[in-house]
Amino acid sequence: MVIVGLIASVLGIALGLVIDWFPAQGSEQAKKIDTFWDVLIICSVPVFVLVTGVVLYSARYFRMRPGEENLDGPPIHGNTRLEVVWTAIPAIMLMALCTYAYLVLHDIEKAPAAGNERQIQVNGQQFTWTFDYNEGGKKFSSAQLYVPEGESVKFNVKTRDVLHDFWVPAWRMKIDAVPGITTNYRVTPIKLGTYPVVCAELCGLGHAFMRQTAHVLPKAQYAAWVKKMSAPAAGGAAAGGAGGAAPAVDAKALFQQGETQTGATACGGCHKLADAGTAGGVGPELDQVLKGKDAAFIKESILNPNAEIAAGFDKGIMPDTYSKLLTGPEVDALVKYLEEVAAK
Amino acid sequence: MFVLPFAFLIGLGCFDYWFYWAAGKPTRAEDHSSHGATSWKSYFHPNTDHKVIGIQYTVHSFFFLFVGGLMAMLMRAELAQPGRQFVDANTFNGLFSVHASILIFLFIIPVFAGLANFVLPLMIGAPDMAFPRLNALSFWLLPCAGVLMLASFFAPGGSFASGWTAYAPLSTTAPLGQMFFTIAVQFAGASSIATALNFLVTIITMRAPGMSFFRMPLLAWANFSTSLLVVIATPFIAASQFFVLLDYALGFHFFDADKGGDVLMYQHVFWFYSHPAVYIMMLPGFGIVSEVLAVKARKPIFGYRMMAFSLLAIVVLGFTVWAHHMFVSGMQSWIRIPMMVTTAIIAVPTGIKIFSWLATLWRGVIRLDTPMLFALGFLTMFTCGGISGVMLAMIPLDIHVSDTYFIVAHIHYVLFGGSLFTIFAGVYYWFPKMTGRMYDEKLGKLHFWTTFVFFNATFAPMHIIGVNGMPRRVADYADQFATWNLVISLASFCLGLSSLIFAYNMVASWRGGARAVANPWRALTLEWQVSSPPPVFNFDQVPTVVGGPYEYGVPGAVHGIFGPAAPAEAKATPAGTHAQPPTE
Ligand code: HEM
Ligand SMILES: [Cu+2]
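Residues numbered from 1 in each chain as written. Chains lettered and ligands numbered in written order. Predicted model: local features only at pLDDT ≥ 70, side-chain atom pairs only at ≥ 80, totals over all residues. Heavy atoms only, no water.

### Let's talk about the coordination of the iron atom of ligand 1
All names here are of chain B.
Piece 1. Looking at the iron atom of ligand 1, one finds its protein donor set to be H99 (NE2) and H412 (NE2), positioned 2.1 Å from the metal centre.
Piece 2. In this structure, the iron atom of ligand 1 is surrounded by six donor atoms whose angles at the metal cover 84 to 178°, and the resulting shape is octahedral. Of this pair, H99 sits in helix α4 (residues 89–123) while H412 sits in helix α14 (residues 405–435), and the two are 313 residues apart along the sequence. Each member of the pair, H99 as well as H412, carries the same accessibility label: buried. (Donors = N, O, S within 2.8 Å, 3.2 Å for Na, K, Ca; no water. Tetrahedral: all angles 85-135°; square planar, octahedral: opposite > 155°, others 65-115°. Helix = DSSP H or I, 4+ residues; strand = E, 2+ residues; numbered from the N terminus. Buried < 20%, exposed > 50% of the residue type's maximum accessible area, 1.4 Å probe, protein only.)

### Concerning the pairing of strand β4 (residues 145–148) of chain A
All names here are of chain A.
Piece 1. Side chains L145 and V147 of β4 all project onto a buried face; the interleaved residues Y146 and P148 project onto the opposite face, where all are buried too.
Piece 2. For β4 and strand β10 (residues 211–217), the ladder comprises four bridges, and the chain directions are parallel. Along β10, the bridge assignment pairs P148 with L217. (Pairing = 2+ DSSP bridges.)

### Some details on the site of ligand 1
Residues and elements named next belong to chain B.
Piece 1. In the neighbourhood of ligand 1, 24 residues make up the surrounding shell, with H99, W164, H412, R472 and R473 lying closest.
Piece 2. A distance of 3.0 Å separates an oxygen atom of ligand 1 from a polar side-chain atom of R472.
Piece 3. Within the side chain of R473, an N or O atom sits 2.4 Å from an oxygen atom of ligand 1.
Piece 4. Elements with a contribution of two residues or more to the shell around ligand 1: α3 (50–79), α4, α14 and α16 (482–512).
Piece 5. Considered class by class, the residues forming the shell around ligand 1 number 18 nonpolar, three polar and three charged. (Near = heavy atom within 4 Å. Polar contact = N/O pair within 3.5 Å; in protein donor to acceptor, adjacent residues only side chain to side chain. Nonpolar A, V, L, I, M, F, W, Y, C, P; charged D, E, K, R; others polar.)

### Focus on the interface of chain A and chain B
Interfaces are frequently sized by the accessible area removed from exposure as the parts join.
Piece 1. Chain A puts 84 residues into the contact, and the matching count from chain B is 97 residues.
Piece 2. Connecting chain A to chain B are four salt bridges.
Piece 3. One salt bridge in this structure joins R211 of chain A and D476 of chain B, with 3.5 Å as the shortest N-O distance.
Piece 4. If you look at where chain A meets chain B, you find 17 residue pairs in polar contact (both at pLDDT 80 or more).
Piece 5. At the level of elements, α2 (28–61), α3 (80–109), β6 (164–167), β7 (174–177) and β9 (193–199) of chain A are the ones that each hand at least two residues to the side of chain A that touches chain B.
Piece 6. When grouped by side-chain class, the residues that make up the side of chain A that touches chain B number 53 nonpolar, 16 polar and 15 charged. (Contact = heavy atoms within 4.5 Å. Salt bridge = Lys/Arg side-chain N within 4 Å of Asp/Glu carboxyl O.)

### Let's talk about the coordination of the copper ion (ligand 2)
Residue and element names in this part refer to chain A.
Piece 1. Distances from the copper ion (ligand 2) to its protein donors, namely H164 (ND1), C199 (SG) and C203 (SG), fall within the range 2.1 to 2.3 Å.
Piece 2. Here the donor residues for the copper ion (ligand 2) map to a single chain with the spacing H-x34-C-x3-C.
Piece 3. Given the relative accessible area of 1%, C199 is considered buried.
Piece 4. On the basis of relative accessible area, C203 is assigned to the buried category, the value being 0%.

### A look at the pattern of salt bridges
All names here are of chain A.
Piece 1. The tally for this structure, following the rule as stated, stands at 17 salt bridges over all chains.
Piece 2. D34 is the salt-bridge partner of R172, the closest N and O atoms lying 2.8 Å from each other. With a gap of 138 residues between them, R172 in the loop between β6 and β7 and D34 in helix α2 connect regions that are remote in the sequence.
Piece 3. R172 sits in the buried class, given a relative accessible area of 0%.
Piece 4. Judged by relative accessible area, which is 10%, D34 ranks as buried.
Piece 5. K110 is the partner of D107 in a salt bridge, and the nearest nitrogen-oxygen pair spans 3.2 Å.

### Structural notes on the sheet that holds strand β3 (residues 138–142) of chain A
All names here are of chain A.
Piece 1. Read across the sheet, five strands follow the order β3-β2-β1-β5-β8 without closing on themselves; strand pairing throughout is mixed. For this open sheet the edge positions go to β3 and β8 (183–187), each flanked by a neighbour on one side alone. This sheet shows a mean twist of 25° between the axes of neighbouring strands, independent of strand direction.
Piece 2. Both strand β5 (residues 153–159) and β8 contribute to a ladder of five bridges, which runs antiparallel. Within the sheet, the bridge partner assigned to F155 lies in β8 and is Y185. (Axes fitted to C-alpha atoms, helices over the stretch in contact; angles between N-to-C directions.)

### Focus on the sheet that holds β10 of chain A
Residues and elements named next belong to chain A.
Piece 1. Spatially, five strands are ordered β4-β10-β9-β6-β7 in an open sheet, and the strand pairing comes out mixed. Both edges of this open sheet fall to β4 and β7, since each of them pairs with a single strand only. Mean inter-strand twist for the sheet, computed between neighbouring axes without regard to direction, equals 25°.
Piece 2. Alignment of β6 against β7, held across four bridges, turns out to be antiparallel. The residue of β7 that forms the bridge with F166 is I175.
Piece 3. The strands touched by helix α4 (residues 219–230) are β4 and β10; relative to β4, the strand with the most contacts, the crossing angle is about 135°.

### Regarding unusual backbone geometry
Residue and element names in this part refer to chain B.
Piece 1. Of the consecutive residues A168 and P169, the connecting peptide bond is found in the cis state with omega at 0°.
Piece 2. Position of P169 relative to the elements: it lies in the loop between α5 (132–151) and α6 (177–205).
Piece 3. One non-glycine residue, R298, lies in positive phi territory at about 55°.
Piece 4. Structurally, R298 is set in the loop between α9 (283–297) and α10 (304–318).
Piece 5. One non-glycine residue, R363, lies in the positive phi region at around 65°.
Piece 6. Judged by relative accessible area, which is 48%, R363 ranks as partly exposed.

### Focus: the nonpolar core
Piece 1. Judged by nonpolar contacts, the single largest core of 271 residues is most densely connected at L145, F155, F166 and W171 of chain A together with F105 and L361 of chain B.
Piece 2. By residue number, the principal contributor to this core is α4 of chain B, which donates 24 residues.
Piece 3. Those residues in contact with F166 of chain A that sit more than four places away from it in its chain are V122, W129, F131, L145, F155, V157, M173, K174, I175, Y185, V197 and V198 of chain A.
Piece 4. If you look at the next biggest cluster of nonpolar residues, it comprises 20 residues, including L286, I302, Y322 and L326 of chain A. (Core = buried A, V, L, I, M, F, W, Y, C linked by side-chain atoms within 4.5 Å.)

### Things to note about the environment of A113 of chain B
All names here are of chain B.
Piece 1. Within the fold, A113 resides in helix α4.
Piece 2. Sequence separation between A113 and F139 is 26 residues; the distance between their C-alpha atoms is 9.5 Å.
Piece 3. The contact partners of A113, leaving out residues within four places of it in the chain, are Y57, T195 and F199.

### Notes on the environment of F243 of chain B
Residues and elements named next belong to chain B.
Piece 1. Position of F243 among the secondary structure elements: in helix α7 (residues 218–250).
Piece 2. Residue F243 is classed as partly exposed on the basis of its relative accessible area of 22%.
Piece 3. Residues F243 and A475 lie 232 residues apart in sequence; the distance between their C-alpha atoms is 29 Å.

### With respect to the pairing of β6 of chain A
All names here are of chain A.
Piece 1. Going residue by residue along β6, you find H164 and F166 tucked away on one face and D165 and W167 tucked away on the opposite face as well.
Piece 2. Linkage of β6 to β7, two consecutive antiparallel strands, is achieved through a turn of six residues, within which R172 is found at a positive phi near 75°.
Piece 3. Bridging between β6 and β9 involves two bridges; their strand directions are antiparallel. Among the inter-strand pairings, W167 is bridged to a residue of β9, identified as V198.

Don't take any of this as a statement about function, it's just geometry.
And the structure:
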C-alpha cells in the first residue's frame, strides 16, 4: 500500500507539473510565483494521496462482509505518539511553506537595486482603465497600457468611483483600486507581446467587460511611442480645439478607447458594435438599436443619455458627462461614424 | 421592509407571550399548547417542540437549496458560451449575489441549526431546548429573510448585485434591491444568534445526569463551538450592513472616501464575521461526520479529546485570520504576514481532525451505506478544499488567484464537497429518526455517486481556468476559456439533475418508506434509544449517562440507561455489543 501510495504521489505530482496552469510567463515576478506553485503542488499531492489512499484502502479491506453484521471493530481510543506526530509534521511543513512564501513575497515586491523606476498611474472607473504617464516631465495619458521590456515599472493604482482591481494575468500581480487611497505594485515585464488587462473586483454592471490590453514593447519602440504621445499634436485634439487646424478625429478609436485626456469612458466598454469589434454587454447593442435612427437621435443619446432609454435598460447607467468630456468635433465625428455604421 | 416581516411574525403569534407579559396576563411556563405535531398542518404553524422546529428548519432550508441551485443552473446556462445569451449583465450579477446569499444564509447555516435542533436535545438527554418559544421565533425569522432576498428581483433596478460580500461603495450606491440584502441579513443574523444562545444554554444546563462534557457526543461539541462563533461574530455582519443602510438611506459617509469615509473598514468588519462564518458553516458538519463514522465503522472515535480540543482551537484561531481575504485589498502590507501564519496554523487542528477520522476507519467493520459514502466523500473532497485553502493562504500565490475561478473552485470544494456532503450524510443518517421511515438505500447510493462524479466534473476544472486568468463574477469571458466553461456547464446540469434523485427519495420514502425501528444503526447515542420518531417529550424516563458515546467494540459498554430504578429493563439495554443481535 505504501508503494502504491508513492507511485500515485509521483504520478500526481508529475501530472500537476505537466498541466499548463498559467498564462504566459510575462514578468520576473511570474517566474518566482510559478516556481512557488510547483513547490505547492509537490507538497499537496502526497497529502491528498495519503487521505484518499487510507479511505480507499479502508473501504476495500475493512468493509463489512456478509456474516459480520453484528461485529464491531477493535476499541482503539487513541495513540498519543501518533497524535503528536500528525500535529507536529503538518505544523513544521506549514511553517516551512510560510517562510518560503515570505521570501518570495519579499522578492516580488522589492524595488530595483539601481536606477530610476518608471511610475505609471492607473485609474479605474466604471468600466474602463486609463493610464497616466510622466516621462521625463512630459505628462500624457492613454487608454492602452504600454510598457518597455526588461525595466521595472511601479503602478500606482487609483479609482474614480467604486472598487476595481488591476490585474494582468501574464504578470501575476494584482491589487485593488480603492477609493481614497493609492495602492501599488511593481513588475518587470520580460516578454514582448500584448496581454489582457482584467478588472478582478466586482465593480458593477460592466465588470465583465472591463478588459483592456497591455503592450510590452522593446525599449526603442517604447521611446518612439512616448515621443508620439507627448508630441503636442496628438494630445491637443481635445484642448480648446475650435481652430480649423485640429486634426481629424479618429471616431472608431474614440469609440474603442474613450478620450483619455478628459477621462471620457470608452463607448465600447459597454456597447457592442461589430464594426469596432467591441463586445461590451452593459448597454444596448448599437448594431441593433441604431438601425434607422438619424443623426439627431444619436447625438441626443450621447449627450443626454437619459432622455430616451432603449427597452429593457435603466436610466442613469450610461454616464451623462459626455457633453463635458468630449469636444464638439469629437461628438460630431462619433455621430457621423455611428450613422454610417448603422446604415450599413 | 422592516415592518412587514414583524407584522407577519406577530400575526403568526410568535410574540404572543411578550404581549401577555406586557399586558400583565399570566405567562404559564408549563403551557404546552403549541408543542408537538398532530398532523402535517402543524408544520406550518409556530410550534415549540424542538423536533417540529428541526424539521421545519430542515425542509425550509432544502427548499432554498433548490431555489439557489436553480439560480446556479441559470448562471451556468449563461456561461456555457462566451458572450451574452440568456440574461443581461445586471441580472447575472443579481443571480450570483442571490445564489450565494441564499445558499449561505438560508441553506447551510440554518440547515445545520435544523439538524442540531432535532438531534441535539435528544443526544444530551434533554426534553427540549432551553427556550422553546425563542426557538420558534428563530425559525420564523428565516422565511422573512428568504422572501426578502427573493423579492429583491422585483425591486426597481433589479435585485442586489454586489455579491454576497456587498462591498462598499458599490453597495452603498446601488439601486434599491441592495436594501433587500441589507435587511434580510439582519433577520437571518438575529435568527442564528437566538438559536446559538439557545444551544449554548441547552448544552450547558440541560445535559442528562452523568453526561459530563467529555461524555458528550462530538455533535454536541461541534454545535457548542459553532454557537460560540455565532454569538461572538454575527453582530459584526449586522453592524456592517447597518453601516451600509445608514450610508444608503440617510447619506452617512462611513464609506464615502471623499467625505472622510474608509472603504477598507467595511471589508475588515465584514470579514471579521465572514471568516468565522466559514467555520460556522463547517464545524457542525464535523460533528455529523464524527457521529456517522463512529457508528458506521463500529469503532470509538480516535482521539476523542483531541477532537473536542481541536474544535475549540478552531474557534479561537478562527478570529485571527480574517484579513487573508484581503491580501490584495490594499490594506497595510505588514498585516498580511501574521494573517498568513495564523491561517496556516489553523490547518493544524483541521488536519488533526482529518487524521483522527482516518484512524477511526482503520480496522473498523465498515458499512458502506449512503450516510457513510457521503461521509467518506466529505473526507476526500474537504481535503481538496483544505489544500487549496492552504495554497490561498500563501500570499504570493493568492495575489495571482484572488478573485478568480480558483476561488470559486475552492469555495465549492469546502461548501459543497465539505458542508453539503456532511448535510447529506446527516440527513440520510437521521432520516429514520426524524420521519419514522427508512429511505431507499439504492436511490441513496445512486444519489451519492452521481453527485460525487458531477461535483468533481463541475468544480475541478474551475481551478485550471482560474489559474489561467478567468476572473470570477463575470457574465462573459475571453474566448480562450470557452471549452472548459462548456464542460463545466454540462457537468453542472447533470449535478443539478442528481439532486432530483435526492428530492424524490426523500419525498417518496417519507410518505411510503418502510417503518423504521428505534435503532436501525445499532448506535449508542441517546437519540437512538427512543422510538422513531421519538415521543412528544423525548424521554419517558430520564436517562442517566454512564459511559462515553462511542464505546463500540467494548464488551458490555453502555452510554446511557433509562431510569436509575430500572436499569435492567429491556428497552434500556443498549445495542452495539458484540454478542447482541440488532435491536428489535
Ligand atoms: C449545482 C451546484 C452549484 C453550481 C453549479 C454553482 C455555481 C456557481 C456559480 C456559477 C457561481 C458564480 C461564480 C462567480 O462568477 O462568481 C457560484 C458562486 C457561489 N456559490 Fe455556487 N454553485 C452551486 C452550489 C453551491 C452551494 C451548494 C453553495 C453553498 C452552500 C454555493 C455557494 C456559492 C458561493 C458562496 C458563491 C460565491 C458567490 C460570489 O462570487 O460572491 N454554491 N456558484
Ligand atoms: Cu472594475
